[in-house]
Amino acid sequence: MTDELGARLKAYEGQDAAVAAEGKDPVNAPMIRHWCEAMGDTNPAYEGPDAKAPPTMLQVWTMGGLSGYAGGRTQAYDELLALLDEAGYTSVVATDCEQEYVRPLRPGDEITFDSVIESVSELKTTKLGTGYFVTTRMDIRVGPHLAGTHRFRILKYAPTRRRRQQKPALRPRPVVNRDNAGFWEGIEHHRLLIQHCTTCDTLRFPWLPGCNNCGGPDWTPVEASGDGTVYSYVVMHHPPFPAFDPPYAVALVELAEGVRMISNVVGVPYDKVRIGLPVRLEFQSYDDELVLPVFRALEEAG
Amino acid sequence: MTGGEMSAAEMGAGALGAADMRAGEKLPPLEIPVTRTLVVAGAIASRDYQDVHHDAELARQKGSPDIFMNILTTNGLVGRYITDHFGPAAELRKVAIRLGAPNYPGDTMVLTGTIEEVDGDTATVRVVGDNGIGRHVTGTVTVALPVSAPSAGSDLDLGPAPAPDPLNDPPGAAT
Ligand SMILES: [Zn+2]
């Protein structure tokens with residue numbers, strides 16, 4: 001399999017990523033102090049009139065911050081990142097950092113930096129997802145003097161979990177068996193069927209092979225009128241399931257015929273569902289293959 | 001002179017000298033509690049506003065279970081580990097790190113180090129940082145020390161003395 005994107009990315013190797021870019025702030029004592037506080041670093045070499053910046057802050061002075069890079073970043077580097085973004089490799093994580101410190105940076109130093117795209121890897125599969133490693137090498141200077149070099153490797157990747165989420169989750173399929181096949185066949189034709197025991201004349205729901213009342217195995221289907229009321233309900237907040245969007249109300253609806261069934265109440269906010277709420281059957285299509293009976297509220301409970 | 005006395009003299013000077021570095025020597029471990037505050041403070045102190053370092057919800061959307069420490073913070077902690085041990089006169093020459101298992105809030109990272117090589121005033125230290133889910137960082141630090149440790153009478157402010165290291169400075173051990 002040829003990797004056409006990989007070949008396009010390879011072409012950026014050796015191109016400049018930043019040219020004569022300037023640090024947003026001069027090296028300064030407050031940023032040094034904030035860094036030392038975060039790191040828990042009490043080294044006295046980073047304080048006082050003769051302070052130097054912690055060498056490991058080298059990259060900090062080159063960062064764009066919230067407002068982004070001031071300039072000096074080349075079109076080539078932006079193009080490379082855009083190509084990866086468009087191909088779905090939208091996330092970024094840094095994996096390697098190699099720094100050499102040539103001269104200490106001190107408050108007042110104004111840095112400039114140049115960066116080159118050193119290499120772009122083949123497509124790699126990692127725990128985070130598949131993507132490409134991009135390595136840049138940066139020289140940081142104060143005036144003509146090299147202060148340090150900074151080689152940085154990032155992984156631009158398509159997150160594994162996100163890809164799964166891009167496919168919309170489908171509602172669970174009903175389990176259709178010999179005992180309830182007639183019910184689901186009815187639903188397919190937009191008819192809600194109840195079993196009627198021909199031995200003792202009792203209606204039963206959900207579908208069962210025998211009568212709850214007399215144990216008789218014989219029955220005929222009866223179509224429900226579709227009228228009902230909320231007999232009881234719960235509101236689901238947690239846990240979330242794929243294809244369900246909490247909070248939502250799950251109601252036990254008593255049909256006009258007297259049997260009860262569990263379904264969703266639609267046409268009313270979840271917190272307006274009440275016991276006794278009159279509802280009317282309708283059939284809702286969830287995807288190409290799934291139709292389910294739901295109950296629409298006929299009036300908002302006060 | 002016993003090793004114990006030598007060690008005390010060095011501590012009085014507040015810094016180790018190049019003569020004190022020996023290949024194979026292990027540095028005392030440094031335990032870093034990875035708090036949410038450290039992750040966020042480290043990211044902001046390094047001017048890194050990538051959402052995965054401060055916004056848990058967006059981090060989850062990107063496939064991560066939570067926010068995680070950025071590489072600049074790890075780099076800073078590795079540098080601190082070395083200079084904490086060798087003292088303020090030590091100069092970092094090179095820090096090279098590779099990240100593995102992320103540092104998520106609530107975890108603890110333990111940094112350990114071994115001196116791999118000594119060349120004159122320069123030592124190469126291999127550093128490893130393990131957390132509860134695996135190896136967060138492996139790295140190599142090159143550090144230079146003054147050729148001889150300043151004497152105890154030095155008027156240089158060299159900061160607090162390093163803590164005694166029971167692993168490497170057993171009391172009374174001959175050097
Ligand atoms: Zn019956």
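Conventions adopted
- Residues numbered from 1 in each chain as written.
- Chains lettered and ligands numbered in written order.
- Predicted model: local features only at pLDDT ≥ 70, side-chain atom pairs only at ≥ 80, totals over all residues.
- Heavy atoms only, no water.
- pLDDT = per-residue confidence, 0-100.
- Helix = DSSP H or I, 4+ residues; strand = E, 2+ residues; numbered from the N terminus.
- Salt bridge = Lys/Arg side-chain N within 4 Å of Asp/Glu carboxyl O.
- Buried < 20%, exposed > 50% of the residue type's maximum accessible area, 1.4 Å probe, protein only.
- Donors = N, O, S within 2.8 Å, 3.2 Å for Na, K, Ca; no water.
- Tetrahedral: all angles 85-135°; square planar, octahedral: opposite > 155°, others 65-115°.
- Core = buried A, V, L, I, M, F, W, Y, C linked by side-chain atoms within 4.5 Å.
- Pairing = 2+ DSSP bridges.
- Axes fitted to C-alpha atoms, helices over the stretch in contact; angles between N-to-C directions.
- Phe/Tyr/Trp six-rings, centres within 6.5 Å; stacked < 30°, edge-to-face > 60°.

J.: Account for the confidence of the model for chain A, with residues named and values stated.
T.: Keep in mind that low pLDDT regions are not for reading the predicted coordinates in detail. With 96% of its residues at a pLDDT of at least 70, chain A reaches an overall mean of 91. When pLDDT is averaged over each helix and strand of chain A, the minimum, 52, is found for helix H4 (residues 160–166) of chain A and the maximum, 98, for helix H2 (residues 29–39) of chain A.

J.: Which residues make up the pattern of salt bridges, and what are the values?
T.: Applying the stated criterion to the full structure yields 21 salt bridges over all chains. As a salt-bridge pair, Arg151 of chain A and Glu118 of chain A come within 2.8 Å of each other at their nearest N and O atoms. Residue Arg151 of chain A is found in strand S6 (residues 145–159), and its partner Glu118 of chain A is found in strand S3 (residues 111–120); the two are separated by 33 residues along the sequence. Arg151 of chain A gets classed as partly exposed once you look at its relative accessible area, which sits at 26%. With a closest N to O distance of 2.7 Å, Arg36 of chain B and Asp66 of chain B form a salt bridge. With a gap of 30 residues between them, Arg36 of chain B in helix H2 (residues 36–45) and Asp66 of chain B in the loop between helix H3 (56–61) and helix H4 (71–86) connect regions that are remote in the sequence. The partly exposed category is assigned to Arg36 of chain B, whose relative accessible area is 41%. You can call Asp66 of chain B buried: its relative accessible area is 14%. Three or more residues joined by partner-sharing salt bridges are found here, namely Asp114, Arg137, Asp139 and Arg141 of chain A.

J.: With reference to specific residues and values, describe the coordination of the zinc ion.
T.: Residue and element names in this part refer to chain A. Bound to the zinc ion are the protein donor atoms Cys197 (SG), Cys200 (SG), Cys211 (SG) and Cys214 (SG), situated 2.2 to 2.3 Å from the metal. Coordination at the zinc ion is tetrahedral, judged from the 4 donor atoms that bind it and the angles of 104 to 114° they form at the metal. Judged by relative accessible area, which is 37%, Cys214 ranks as partly exposed.

J.: Account for the nonpolar core, with residues named and values stated.
T.: If you look at the biggest cluster of nonpolar residues, it comprises 84 residues, and the most contacted ones within it are Trp61 and Leu80 of chain A together with Ile82, Phe86 and Leu111 of chain B. Broken down by element, the residue count for this core peaks at 7 residues, all from H4 of chain B. Counting 26 residues, the second-largest nonpolar core is a separate cluster that includes Trp184, Val265, Val268 and Val273 of chain A.

J.: Run through the sheet that holds strand S11 (residues 248–255) of chain A, naming residues and quoting values.
T.: Residues and elements named next belong to chain A. With mixed pairing, the 5 strands of this closed barrel are ordered in space as S10-S11-S12-S14-S13. Averaged over all pairs of adjacent strands, the angle between strand axes in this sheet comes to 50°, irrespective of strand direction. Bridging between S11 and strand S12 (residues 260–266) involves 5 bridges; their strand directions are antiparallel. The partner of Val250 across the bridge, within S12, is Asn264.

J.: Give me the lowdown on the packing of aromatic side chains, citing residues and values where you can.
T.: Inspection of every chain in the model, using the stated rule, returns 7 aromatic pairs over all chains. Ring centres 5.4 Å apart and planes at 90° place the aromatic pair Tyr89 of chain A and Tyr132 of chain A in the edge-to-face group. Of the two residues, Tyr89 of chain A is situated in the loop between helix H3 (75–86) and strand S2 (91–101) and Tyr132 of chain A in strand S5 (residues 129–142); the sequence distance between them amounts to 43 residues. Under the relative-accessibility criterion, Tyr89 of chain A is labelled buried at 9%. Judged by its relative accessible area of 1%, Tyr132 of chain A falls in the buried class. With centroids separated by 6.5 Å and ring planes inclined at 90°, the aromatic side chains of Phe68 of chain B and Tyr104 of chain B adopt a geometry described as edge-to-face. Of this pair, Phe68 of chain B sits in the loop between H3 and H4 while Tyr104 of chain B sits in the loop between strand S2 (91–99) and strand S3 (107–119), and the two are 36 residues apart along the sequence. As far as burial versus exposure is concerned, Phe68 of chain B and Tyr104 of chain B are alike and both buried.

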